[in-house]
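# Chain and residue survey
Letter by letter, the chains look like this.
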Amino acid sequence: MKILAFETSCDDTSVAIVKDGTKVLANIKQSQIEHTEYGGVVPEIAARLHAERWREVFESCLVKAQCTISDIDYLAVTQGPGLQTSLLNGTTAASFLSLLYEKPVIPVHHILGHICSPVLEREVREFDFPVLTLTVSGGHTNLYRCESFLKHTLVGQTRDDAAGEAFDKVAKMLGLGYPGGPIVSQWAEKGDGHKYLLPRVFLEKDSLDFSFSGLKAAVYRLIQERDNASDETFIADVCASFQQCVIDTFLKKIQRAFEKFPSSKALHFVGGVSANKQLRESFQELCKKYQKQFFTTAKFDYSTDNAAMIASAAYFLIRENPSIGQVQFLDSNARLEI
Ligand code: KG4
Ligand code: ZN
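Residues numbered from 1 in each chain as written. Chains lettered and ligands numbered in written order. Predicted model: local features only at pLDDT ≥ 70, side-chain atom pairs only at ≥ 80, totals over all residues. Heavy atoms only, no water.

## Overview of the domain arrangement of the protein
- Partitioning the protein into domains gives domain 1 (2-116 + 301-324) and domain 2 (128-297).
- On a C-alpha basis, the centres of domain 1 and domain 2 stand 27 Å from each other.
- Contacts between the two partners involve 17 residues from domain 1 and, on the opposite side, 17 residues from domain 2.
- Taking both sides of the interface into account, the surface hidden between domain 1 and domain 2 amounts to around 1,500 Å²; carbon and sulfur atoms contribute 71%.
- Our enumeration of links across domain 1 and domain 2 arrives at 0 salt bridges.
- Inspection of the region where domain 1 meets domain 2 yields 4 residue pairs in polar contact (both at pLDDT 80 or more).
- Mapped by element, the contributors of at least two residues to the side of domain 1 that touches domain 2 are α3 (110-116) and α9 (308-320).
- Examining the composition of the side of domain 1 that touches domain 2, we find that 5 residues originate from one element, α3, more than from any other.
- Here the residues of the side of domain 1 that touches domain 2 sort into 9 nonpolar, 6 polar and 2 charged. (Domains from an automatic or database assignment. Contact = heavy atoms within 4.5 Å. Buried area = accessible area lost by both parts, 1.4 Å probe. Salt bridge = Lys/Arg side-chain N within 4 Å of Asp/Glu carboxyl O. Polar contact = N/O pair within 3.5 Å; in protein donor to acceptor, adjacent residues only side chain to side chain. Helix = DSSP H or I, 4+ residues; strand = E, 2+ residues; numbered from the N terminus. Nonpolar A, V, L, I, M, F, W, Y, C, P; charged D, E, K, R; others polar.)

Below you can see the structure in the form of structure tokens.
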């Protein structure tokens, strides 16, 4: 079964073709660097760029996968959550293709896409459930207890900022550019993670929720108190100390979650922040200690927003309920549940 998927929920225009939920035939992505000078995504600019680029991305995806539209069994698209005007580009493109070529189209929840992303370029049978899935991006920080790729219970979430948002804000405060995650983690490699003691917020004794706004405020104070905040050693040490604080916070929460749900077979780490090498390594080590399997995405490209994960989620949805795919015009305003 070949699924062609669109993902335009934020600032990446992505189209992918995935066979049987796991084999990525093509996953084309154009990231919008135009937002860099604003230090964050400008919704109007994002929407216009999606509109200008989706067709070129769509066509190069078909070429790369060596497919024509007649080879495609289903279309899929991120219906939400995300920036409304960005989402509208993907849902409209997928809906027009659905009506024009009479292909069924599946609406997909963005976070469900992230949850399914570890399966890309692997075999479904490699995964044992139940598992804990930590999904961390610029918009959310959620911990799920999953019985399968489609069946989840939310057991923890951020009470304020998402962890990716904290990375982005720290980069902005230090004048390092956008998106902050990859930049901060590069600087962190050159710094001392124990130079500045930043607040690790663990909340109530058994809480699996997160809070990163205090950490962001502490970094802000550190920068304000500094005479020369553009000193390279200072920047590297702040980035490393910040990243260490995020790692320690997650480690504590995952430990608590393993103790609360001892039958969990594995930890799955997904979402844009799962492209962070230091976090991946720390989680891998913790899982070894607890004798749990550890899965993250097979490629960094499947951690940050991409259409392949949307195709994969659509595959599981079709397998569960074959009548879910309809030839239809999708509303980008619908409130999807996962
Ligand atoms: O999943 P994603 O691409 O988009 C959303 O759904 O939000 O996640 C984007 C987030 C951004 O906040 C970005 O700074 C962060 O993921 N990110 C990283 C890294 N690469 C991307 N954070 C930490 N380390 C990275 N290497
Ligand atoms: Zn995302």
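## Regarding the packing of helix α5 (residues 180-189) against helix α7 (residues 232-260)
- The N-to-C vectors of α5 and α7 enclose an angle of 110°; their axes lie 7 Å apart at closest approach. Comparing their axes, α7 and α5 come out roughly perpendicular. Residue-level contacts link Val184, Ser185, Trp187 and Ala188 of α5 to Glu232, Ile235, Ala236, Cys239, Ala240, Phe242 and Gln243 of α7. (Axes fitted to C-alpha atoms, helices over the stretch in contact; angles between N-to-C directions. Parallel < 35°, antiparallel > 145°, perpendicular 65-115°, else oblique.)

## So, the sheet that holds strand β5 (residues 105-109)
- If you trace the 5 strands from one edge of the open sheet to the other, you get β3-β2-β1-β4-β5, paired in mixed fashion. The open sheet is flanked by β3 (23-31) and β5, the only strands paired with a single partner. Neighbouring strand axes in the sheet, compared pairwise and without regard to direction, differ in orientation by 20° on average.
- Examined bridge by bridge, strand β1 (residues 2-7) and strand β2 (residues 12-19) share 6 bridges and lie antiparallel to one another. Across the sheet, Ile3 pairs through a bridge with Val18, a residue of β2.
- Against the sheet, helix α2 (residues 84-101) makes contact with β1, β4 (74-80) and β5, and its axis sits at roughly 155° relative to β4, the strand it touches most. (Pairing = 2+ DSSP bridges.)

## What to know about helix α4 (residues 163-173)
- Those residues of α4 not exposed but buried are Ala163, Gly164, Ala166, Phe167, Asp168, Val170 and Ala171.
- The inward-facing, buried residues of α4 abut β6 (131-136), β7 (141-146), α5, α6 (213-225) and α7.
- Phi for Gly175, located one or two positions after α4, is positive at around 70°. (Buried < 20%, exposed > 50% of the residue type's maximum accessible area, 1.4 Å probe, protein only.)

## What about the site of ligand 1?
- The environment of ligand 1 is made up of 19 residues, and the closest members are Gly138, Asp168, Gly181, Gly272 and Asp305.
- In the model, an oxygen atom of ligand 1 is placed 3.1 Å from a nitrogen or oxygen of the His114 side chain.
- In the model, an oxygen atom of ligand 1 is placed 3.0 Å from a nitrogen or oxygen of the Gly138 main chain.
- Summarising the interface, the protein chains cover 89% of the accessible area of ligand 1, which totals 550 Å² for the free molecule.
- At the level of secondary structure, the elements contributing two or more residues to the shell around ligand 1 comprise α3, α4 and α5.
- When residues of the shell around ligand 1 are assigned to their parent elements, the largest contribution, 4 residues, is made by α5.
- Residues belonging to the shell around ligand 1 are distributed by class as follows: 5 nonpolar, 12 polar and 2 charged.
- Mapped onto the domain boundaries, the shell around ligand 1 takes at least three residues apiece from domain 1 (2-116 + 301-324) and domain 2 (128-297). (Near = heavy atom within 4 Å. Areas by Shrake-Rupley, 256 points an atom, 1.4 Å probe, with all protein chains shown as cover.)

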